[in-house]
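# Residue-level structure breakdown
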There are 2 protein chains.
Amino acid sequence: MSDYKVYSLGDVMLQSGMRIPDAKLAYKTYGTLNSAKDNVIVYPTWYSGQHYENEWLIGEDKAVDPRKYFIIVPNMFCNGLSSSPSNTPAPYGRARFPHVSAYDNVRMQHRLLAEVFGIEKIALVTGWSMGALQTFHWGAMYPEMVERILPFQGSAKCSRHNFVFLEGVKAALTADAAFLDGWYDVQPEKGLCAAARVYAGWGLSQTFYREKLDLEKLGYASLEDFLVGFWEGWLLAKDANNLLGMLWTWQYGDISNNEIYTGDFVKALSSIRAKAIVMPCKTDLYFPPEDSAFEVAHMPNAELRVVDSIWGHFAGGPGTSPVDIAVLDKALRELLAS
Amino acid sequence: MSDYKVYSLGDVMLQSGMRIPDAKLAYKTYGTLNSAKDNVIVYPTWYSGQHYENEWLIGEDKAVDPRKYFIIVPNMFCNGLSSSPSNTPAPYGRARFPHVSAYDNVRMQHRLLAEVFGIEKIALVTGWSMGALQTFHWGAMYPEMVERILPFQGSAKCSRHNFVFLEGVKAALTADAAFLDGWYDVQPEKGLCAAARVYAGWGLSQTFYREKLDLEKLGYASLEDFLVGFWEGWLLAKDANNLLGMLWTWQYGDISNNEIYTGDFVKALSSIRAKAIVMPCKTDLYFPPEDSAFEVAHMPNAELRVVDSIWGHFAGGPGTSPVDIAVLDKALRELLAS
């Protein structure tokens, strides 16, 4: 009794030159596709997230309203529901699961929309973090199809600093010998905990910690309780190879790294025709507003709207900061009305 | 033929209730103590650094001029030269080396000055990073003795966010099973490399990486070359238990955590009589200027001077950014002249 559907893509050839045999794209839809097929919202998942973990922005009281819109949440490859190291049989599973780019992800999401639903126009693509990466890809890869985008706390290309932060997460996870180069039968829990502790400093701002929002707003008993309950709890629920697969997708995310734009990042940004509101958070430690400003400067129809929050990367994130989510929801409403 | 001296402190009782038996304080001096004994500069070491790694600020063309001043560089406990896990015999060595606070460090440095040199006045205490932590301790613990302080890119108390960043470093190092809970005979190199990669994202700013100063200014061939050559090279040269010992000193650093101030941080700051210039860097990811601003607001004789640099924590650091070091040197000159 799963709450989602799975589209069988057949064998999928990837940018890396490898394949996912009998690839599966898991997705969930909310609302009803109208007869004009012009009420579509695509809302990709974030790092480690699964479709139900996108639901904080969906609701009858929200801009992303299933009474008006047909909302499709495609699960990213490697997230454990779409094809992933954890669910792909030998010889392509586990440590051998191929590298999947954001481009590969969005190309397969496009097939889902075209082949299953016959969709040719998208009213809005939006997403948080790696969901924003996929949002930018939608805008650059299918400029005539995508009318609006609202990427929040994410980027069109992984910055060098962001790459280094992720190197730290990866190194911490794989320092655990129990990882066995990806051939573990039991999850490398010590490595997962280490990766989570590394992540903890990046996910929220210095001011978040200074003002003790982990205790005051999220209800943890102490800093250590927050590290264990929130951060370690998060990664211990995940599969190590899946996490490393998505980490690769993130590190090598770049809307211009494909045959369309052949590495010309500015050209790729310039090709995004969608009306866009790009919403970094002022205190996000790995997607700083400067990177978004560069992107917006090269997008023909985009506005930069910096979220003034101390929640860092979690400003618009999964339900943790209601005040910032209200700001985001208002922007989504405004963009959809335009 | 060492270039430093060692003062034998005897058995030292620590705040933790444990002891360092036959404790050693390694130090180096530069210049000559004058007969009035009023030309003393104390310049403590930083995380992992040894006295010779403090020398980028010392010179005849510098404010910290050995022709005018008697400069004492005391090595922090756990740095491999003063008593450390790596050089203390059983049963107090290796994994059993006791926790040493910044307070313990400065109390022993004070003994060195008093017992070896008969020094009663200090013209200046200055230091980078954990050196700044010790500098603040000098100001708070010996307010009548210390005339001036210039802590740069450091704090008087480890912030909660800083604590979390260090948790990530520690977790990465100790995720390596070769660490053997500190009882290794061979260094846990994979863990040291992982800790170094975690550190890499924190040490320098997002803009440093965006502008590729690792390549343009430091001469590395690629980002990976920088991660290996600069960061992993740094920690692979160190002892894991020593690093964890200093990490503890850092995490629990707090000028008020002692019998003098009994946890009253504001009182401790207010007690620093020294004329002070406190120099955080605008883009330092773990010592953000906001924390320094709080400190300065409660210090009676202090100026906040934020360094406008994209070098992050390394603005005034060990010789890497000559432009910022010139700014620091000018401030040191100004403070010493006052």
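Throughout what follows, the structure given in this document is the object of discussion.

The rules behind each value
- Residues numbered from 1 in each chain as written.
- Chains lettered and ligands numbered in written order.
- Predicted model: local features only at pLDDT ≥ 70, side-chain atom pairs only at ≥ 80, totals over all residues.
- Heavy atoms only, no water.
- Axes fitted to C-alpha atoms, helices over the stretch in contact; angles between N-to-C directions.
- Helix = DSSP H or I, 4+ residues; strand = E, 2+ residues; numbered from the N terminus.
- Parallel < 35°, antiparallel > 145°, perpendicular 65-115°, else oblique.
- Left-handed = near helix turned anticlockwise from the far one by under 90°.
- Contact = heavy atoms within 4.5 Å.
- Nonpolar A, V, L, I, M, F, W, Y, C, P; charged D, E, K, R; others polar.
- Buried < 20%, exposed > 50% of the residue type's maximum accessible area, 1.4 Å probe, protein only.
- Least-squares fit on C-alpha atoms with pLDDT ≥ 70 in both.
- Buried area = accessible area lost by both parts, 1.4 Å probe.
- Salt bridge = Lys/Arg side-chain N within 4 Å of Asp/Glu carboxyl O.
- Polar contact = N/O pair within 3.5 Å; in protein donor to acceptor, adjacent residues only side chain to side chain.
- Phe/Tyr/Trp six-rings, centres within 6.5 Å; stacked < 30°, edge-to-face > 60°.

Packing of helix H3 (residues 160–174) of chain A against helix H7 (residues 223–236) of chain B brings their axes to within 11 Å, and their N-to-C directions diverge by 45°. Here H3 of chain A is positioned oblique relative to H7 of chain B, judged by the angle of their axes. Every pair of crossing elements has a handedness; the one defined by H3 of chain A and H7 of chain B is right-handed. Mapping the contact onto sequence places Arg160, Phe163, Val164 and Glu167 of chain A in H3 of chain A and Leu223, Glu224 and Leu227 of chain B in H7 of chain B. Grouping the constituent residues of the contact of H3 of chain A with H7 of chain B by class yields four nonpolar, no polar and three charged.

Residue and element names in this part refer to chain A. Take Met108: it is sitting in helix H1 (residues 102–117). The buried category is assigned to Met108, whose relative accessible area is 3%. Each C-alpha atom of the pair Met108 and Lys121 lies 16 Å from the other, and the pair is 13 residues apart in sequence. When sequence neighbours within four positions are dropped, the list of residues in contact with Met108 reads Leu9, Val12, Leu25 and Phe77.

Attention now goes to the relation of the copies chain B and chain A. Superposing chain B onto chain A takes a rotation of 180° combined with a translation of 0.0 Å along the rotation axis, leaving an RMSD of 0.0 Å. These values place the two chain copies in the arrangement generated by a two-fold rotation axis. The position closest to the rotation axis in chain B is occupied by the C-alpha of Ala172 of chain B, lying 2.2 Å away. A shared binding surface is used by both copies, with 100% of the interface residues of chain B retained as interface residues in chain A.

Glancing now at the side chain of Asn241 of chain A. All names here are of chain A. Mapping Asn241 onto the fold places it in helix H8 (residues 240–251). When its relative accessible area of 8% is taken as the criterion, Asn241 is described as buried. In this structure, Asn241 is in contact with Pro85, Arg94, Ala95, Phe179, Gly182 and Tyr184, ignoring residues within four places of it in sequence.

Right, let's get into the interface of chain B and chain A. Counting residues at the interface gives 34 residues for chain B and 34 residues for chain A. When chain B packs against chain A, the two sides together hide about 3000 Å² of surface, and 64% of this comes from carbon and sulfur. When the area that chain B buries against chain A is broken down by residue, the three leading residues are Arg160, His161 and Val164 of chain B, summing to 23%. Across the contact surface, chain B and chain A share six salt bridges. Put simply, Glu167 of chain B and Arg197 of chain A hold a salt bridge, and the shortest N to O gap is 2.5 Å. Taken together, chain B and chain A are joined by 14 residue pairs in polar contact (both at pLDDT 80 or more). Those elements giving two or more residues to the side of chain B that touches chain A turn out to be helix H3 (160–174), helix H4 (189–203), helix H5 (206–210), helix H6 (213–216), H7 and helix H10 (289–298) of chain B. Ranked by residue count, the leading element in the side of chain B that touches chain A is H3 of chain B, at nine residues.

Looking now at the packing of aromatic side chains. All names here are of chain A. Scanning the model with the defined rule gives 73 aromatic pairs over all chains in all. Look at Phe208 and Phe226: their rings are 6.0 Å apart centre to centre, the planes differ by 35°, and that puts the pair in the tilted class. Separated by 18 residues along the polypeptide, Phe208 in helix H5 (residues 206–210) and Phe226 in helix H7 (residues 223–236) bring together distant segments of the chain. One exposure class covers both Phe208 and Phe226, and it is buried. A ring pair is formed by Trp231 and Phe314, whose centres lie 5.8 Å apart and whose planes are at 80°; its orientation type is edge-to-face.

Time to look at the packing of helix H1 (residues 102–117) of chain B against helix H2 (residues 130–141) of chain B. Residues and elements named next belong to chain B. For the pair H1 and H2, interaxial distance at closest approach is 9 Å and the crossing angle is 65°. With respect to each other, H1 and H2 are oriented roughly perpendicular. Here the hand of the crossing between H1 and H2 comes out right-handed. Contacts from Ala102, Tyr103, Asn105, Val106, Arg107, Gln109, His110 and Leu113 of H1 reach H2 at Leu133, Gln134, His137, Trp138 and Met141.

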